[in-house]
Structure formats: structure tokens, C-alpha cells
Amino acid sequence: MVPFHLSAHFLIFDHLNLESLKAVSLTCHRLEEMFADYSARRFVLSTRKKSNRKEDLPPLRNVLETMEEAVILLQRTKRAYRRFHLDVRCHPKPGSLDDVQAAHDKLLATRLIQQLVVLKLDLGYELHKIAVKLSGVVTKMESLQELYIGHEATDNPYPFSQLTLVNRSLQKLLLRNVWPGRIDCPKMGSLNVSVLEIDLGSIIGKQYVQHGGQEPYWKLKQLTELVMQTLSKHRSLSLLVRTNSTYGSQFYRQLTQLTILQVHPLLVTDETLQAIGETCVQLERLSLSYLRMINPASFHHLSNLTNLRHLAIKDSNKMLSFTGFRMPLLERLELGDATQIDWPSLAQFASIECLLIRCDSSQLNGLCDLFADRMRRLHTLWLKCYSYSDRPRYRELAAALPKLPALETLVLEASVYSNCFIFLKTIEPMLRLTRLIICSFPSRRHDIGQQVATLLPNVPNIEIRDLHDMYEIRKSLKFVTMD
């Protein structure tokens, strides 16, 4: 007899590979029952194929066959699956969408759908027609905690205006190219939404301005985590300007419970900075892409965020000065492409452990002074060095790095590998450094790994990577991925 505490927490299964799990499930009825329950909790029942990139989408016939198989499985299975991923992206044919919608309705009508904890839907072109049906299904899902709805690229999310998401158990909502006409989920603490070239902050904020702070359409005041991304086909800053700063700032003034806020890549104005600084005082993590201020003093509104542990700013049109900031818990600071920085004002942040900055030759003196006197706890440093025209100053920076006593991971990002090599030639030994990552364009990549290892024999882990790998590298080091 298997002890209760093992069966209750599935401690056995957590340490077995898939082949061993299969063998255990065939041992006896009791273990098979345990495995069935365990599988339902750990694994995702998915209709997604291995490669569903847009250019590799399957033909409609294959998708319909897969959906029919899924319907049969869900009707017959005795396992109470909790996670389901339905991917119906395909290359549709004229007049064929009714078949997809009919198959989709069959899936949503199965008994298991009502028991799901996690539901992920990837919808193809024109499948917004299932919105009304989906609204009714979501309302009845009493165990649902996480919902993802993704839609193939469209010019705006308004085809889903008939979609209403009302659920009493939902905790996390992820939307891509979808924006419902109504959201009413009182337990929802996390919202992650990305749409094409639309300023959702202003759209949502409009309801507060027009209805005296009430929420007739989208109830979001209870959020503790908000990630908003506006996807731009053209990546032009002119397309990212807020359509109405008053509406946008009113939206942020309602979010008093936020601990995590990421806004990419919209332009953040003076009014928005003031609203965030005065209202979102519980923030622990804040990530903003483009600060476009008229008054540089507007940045000082963020000094009210005394609980911040992670601050990321991709770029700013004004000098960033942290004079007077009180952030005793700040551990991670990312200043991306911002080159106008008052370096002495950073000296007060002795708590910083991870730092990402762009090295501009005109400001290297201040940066060297900062490394020499402060940053005693800094263990991860990411330097974006794209210009080596002033080599003497970069030698000063190389000489300052060994003065960081806790530095363990160093990332050098540059356009040319050879420039990194020249920079590394002047670095003195760093006893605690255990990992060095060099990122550059693949077209200019040279096999310099061995040469770098010769220069820094005490560094056990040296990686020569392409700039295309930056997303993966930043994610592994827990930096924000804003590029």
C-alpha cells in the first residue's frame, strides 16, 4: 500500500521520466488511478502540432481531423484533465469557416471543459464568430483559473466586442489581438494583453472619465499585475504616441493594488508618470519602454515607489536623475538605451544586484566612479557597448570592473566581436567572475572563444552568442525583454 502522504503529493511521479511513468501506470489499478490524476494535473491536453508557426500552419482538413479526434477523446476519457490547449490556426478556404466553428462548438460542449483549470485557445482568421458561444462557456467554468485567448493578426481587436468574460474563479487572463467587450472576473489579479497599434490604456481609461470612476465594461481595479503591449508592424515611435493622455492617466489612477506593471512599447508622458507615482505606490516591479517627457522633473514622481525591487526603462528623451529617490529594496535596474543618466545619483542604491546599462563614451567617467565607490552587491552586469571610438575611456571602464567585489556574471553586447576582444584585453583578473557572455551580430561573428578563454583563464563559463539569442539570455538572467 502506498503511503498516503506520497499519493497525496505525487512525490514518486515527480522524479520519474515518461517511460517510467508509463510502466508505473501498468503496475496495478491503484497506481493507474494515481497516475491518471497526476497526469491531469501536470500535463496539458493539446491539439497543437510541433510546428505551428504562421508559415507552417496546417491545412484546414488536418485541423478538422484533429478537432474531431479531440472531441472523441474528451467524451471517452476517464482522466479529469485540468489543462487544455486548443489550437485551430490554419489556412482557411472560402466558405470553410462554418466547419471550423461547428467543430469548435462540439469541443466547448464536452463535459471536461467545465472542469478545466487552464484553457488556452489559439484562434485562426475570422474565428471571432465563436465569441458569443465562448462567453457562455467561460461563465460556467467554475474551476477556471487561467485563460488565454490568441487570435491571428488583425488591424484591431474589435471583432471581439461581443465577447464577454464573466467568471468568478478566473485569476489570470492573457489576450493577444483580442479585447473583449466586457470583463467581470472579481478574483482576476493578473492581466496580460497585447494588441496591434492600439493604445488600450486610453481606451480603458475612457470608461472611468465618462462614468465617474465606475467600471461598466472592464472591471480591473483589483489587478495586482498588468502587462500591456502594443504590437506595431512598423516599429515607428510616431505610431506609439498616446491618443489621449488624460484617458491613459485616469486608467493608472484606478490601479491602486498593482505590484507589477509593464507597459511596452507605448510612449509614457508626464501625466502618466505622475499617475503611476501618485497611485501605484505598492509597485515592486515597473517596466516602461519610452519616456517622452516635457518636464524632466516628471521622472521624480517615481520616487514615491519605495517598494520597488525591479525598475526597467528602455529609453528616455530627458536626463534621468535619481536624486532624492528612496528605494531601499531596489535590486534590479535596467536603463536600456537611455544614455542621459546622472550617474552620481545612482550611488545611493547600494542594494542593486543586477544592472543593465548602455555604455556611452561621454559618460564613462561617471560610470567608472560609480563602480569604484558603490555597487558592492552587484553580481550581474550587462553592458551594451556599441561604440569603441574612444578606446582610452573604455580601458578605464575595464580597469573599474575588478573593483566590483561580488561580480559573477558579465554580459558584453556589441556590434562587433573583435571590439569586445579588444576591451577584454585590458581587463584585470576578476576572481569571482564565473560566467562571461559576449553577444554580437552573427554576420560578423568570429571564432574568438579560445582567445577569450586565454585572456580570462579563471572564468569557467564563456559563451559567444548571437544578438538573436538576446531574448533567451535576458529571460534566463531575469531581465525584462523589451526589444
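Rules used in this analysis
- Residues numbered from 1 in each chain as written.
- Predicted model: local features only at pLDDT ≥ 70, side-chain atom pairs only at ≥ 80, totals over all residues.
- Heavy atoms only, no water.
- Helix = DSSP H or I, 4+ residues; strand = E, 2+ residues; numbered from the N terminus.
- Buried < 20%, exposed > 50% of the residue type's maximum accessible area, 1.4 Å probe, protein only.
- Contact = heavy atoms within 4.5 Å.
- Core = buried A, V, L, I, M, F, W, Y, C linked by side-chain atoms within 4.5 Å.
- Phe/Tyr/Trp six-rings, centres within 6.5 Å; stacked < 30°, edge-to-face > 60°.
- Lys NZ or Arg CZ within 6 Å of the ring centre and 35° of its normal.
- Pairing = 2+ DSSP bridges.
- Salt bridge = Lys/Arg side-chain N within 4 Å of Asp/Glu carboxyl O.
- Right-handed = clockwise from strand over helix to strand, strands pointing away.
- Polar contact = N/O pair within 3.5 Å; in protein donor to acceptor, adjacent residues only side chain to side chain.

> Tell me about the overall build of the chain, and please be specific about residues and values.
Each helix and strand in the chain was counted, giving 14 helices and 18 strands. Within the chain, the proportion of its 483 residues that are buried is 51%. Summarising the internal contacts of the chain: among those between residues at least 6 apart in sequence, 67% fall at separations of at least 24.

> Explain the nonpolar core to me, and be specific about the residues and the numbers.
With 127 residues, the main nonpolar core has Phe 322, Phe 371, Leu 381, Leu 383, Leu 397 and Leu 401 as its most contacted residues. It is helix α4 (residues 60-76) that provides the largest number of residues to this core, a total of six residues. Setting aside residues no more than four positions away along its own chain, Leu 381 makes contact with Leu 355, Phe 371, Leu 401, Leu 404, Leu 407, Thr 409, Leu 410 and Val 411. Formed by 11 residues, the second largest nonpolar core is a distinct cluster that contains Leu 356, Leu 467, Met 470 and Phe 479.

> So what about unusual backbone geometry? Which residues, and what values?
A positive phi angle is found at Asn 177, which is not glycine, with a value near 55 degrees. For Lys 478, which is not glycine, the phi dihedral falls at a positive 65 degrees. Looking at the element boundaries, Lys 478 is found in the segment after α14 (470-476). Relative accessible area serves as the criterion here: at 58%, Lys 478 is assigned to the exposed category.

> Which residues make up the packing of aromatic side chains, and what values do they have?
One pass over the full model with this rule turns up eight aromatic pairs. Judged by centre distance (5.6 Å) and plane angle (45 degrees), the ring pair of Trp 179 and Trp 218 falls under tilted. Within this pair, whereas Trp 179 is found in the loop between β6 (172-176) and β7 (182-184), its partner Trp 218 is found in the loop between α7 (200-210) and β9 (225-231), the two being separated by 39 residues in sequence. A relative accessible area of 3% places Trp 179 in the buried class. Both rings, one in Phe 251 and one in Tyr 252, keep their centres 5.3 Å apart while their planes meet at 45 degrees; by these two values the pair is tilted. Accessibility classification places Phe 251 together with Tyr 252 in one group, the buried group. One aromatic cluster in this structure is built from Phe 299, Phe 322, Phe 325 and Phe 349. When the ring centre of Tyr 148 is taken as reference, the NZ or CZ atom of Lys 120 above it lies at 5.0 Å. Of note, Arg 332 hangs over the ring of Phe 479, and the distance from its end group to the ring centre comes to 5.5 Å.

> Any chance you could break down the pairing of strand β11 (residues 285-291) for me, citing the residues and the numbers?
Most of β11 sits inside the fold, with six of its seven residues counted as buried. Examined bridge by bridge, strand β10 (residues 260-268) and β11 share six bridges and lie parallel to one another. Bridged to Gln 262 within β11 is Ser 287. Across six bridges, β11 lies against strand β12 (residues 310-316) in parallel orientation. Paired with Tyr 290 across the bridge in β12 is Asp 315.

> Any chance you could break down the pattern of salt bridges for me, citing the residues and the numbers?
Overall, the coordinates contain 11 salt bridges when judged by the stated rule. Note that Arg 182 and Asp 184 form a salt bridge whose closest N and O atoms lie 3.5 Å from each other. Across the pair Glu 278 and Arg 253 runs a salt bridge whose closest N-O atoms are separated by 3.1 Å. One end of the pair, Glu 278, is in helix α9 (residues 270-279); the other, Arg 253, is in the loop between α8 (245-252) and β10, and 25 residues separate them in sequence. A relative accessible area of 39% means that Glu 278 is categorised as partly exposed. Each of Arg 435, Glu 463, Arg 465, Asp 469 and Glu 472 takes part in one network of salt bridges that share partners.

> Please give an account of the pairing of β10 that cites residues and values.
On a regular strand, each side chain points to the face opposite its neighbour's, so the side chains alternate between the two faces of the sheet. Of all nine residues that make up β10, eight are buried, and the element is covered over most of its length. Following the chain from β10 across α9 to the adjacent parallel β11, one finds a crossover that is right-handed.

> With reference to specific residues and values, describe the side chain of Arg 465.
Topologically, Arg 465 is positioned in strand β18 (residues 461-466). Taking the relative accessible area as the measure of exposure, Arg 465 reaches 17% and is therefore buried. One polar contact links Arg 465 to Glu 472, side chain to side chain, over a distance of 3.5 Å.

> Run through the environment of His 310, naming residues and quoting values.
By the secondary structure assignment, His 310 is in strand β12. The spatial distance from the C-alpha of His 310 to the C-alpha of Glu 284 is 6.4 Å, given a sequence separation of 26 residues.

> Please provide a residue-by-residue account of α7, values included.
Within α7 the residues assigned to the buried category are Leu 200, Gly 201, Ser 202, Ile 204, Gly 205, Gln 207 and Tyr 208. One or two steps after α7, the chain reaches Gly 212, where phi turns positive at roughly 60 degrees.

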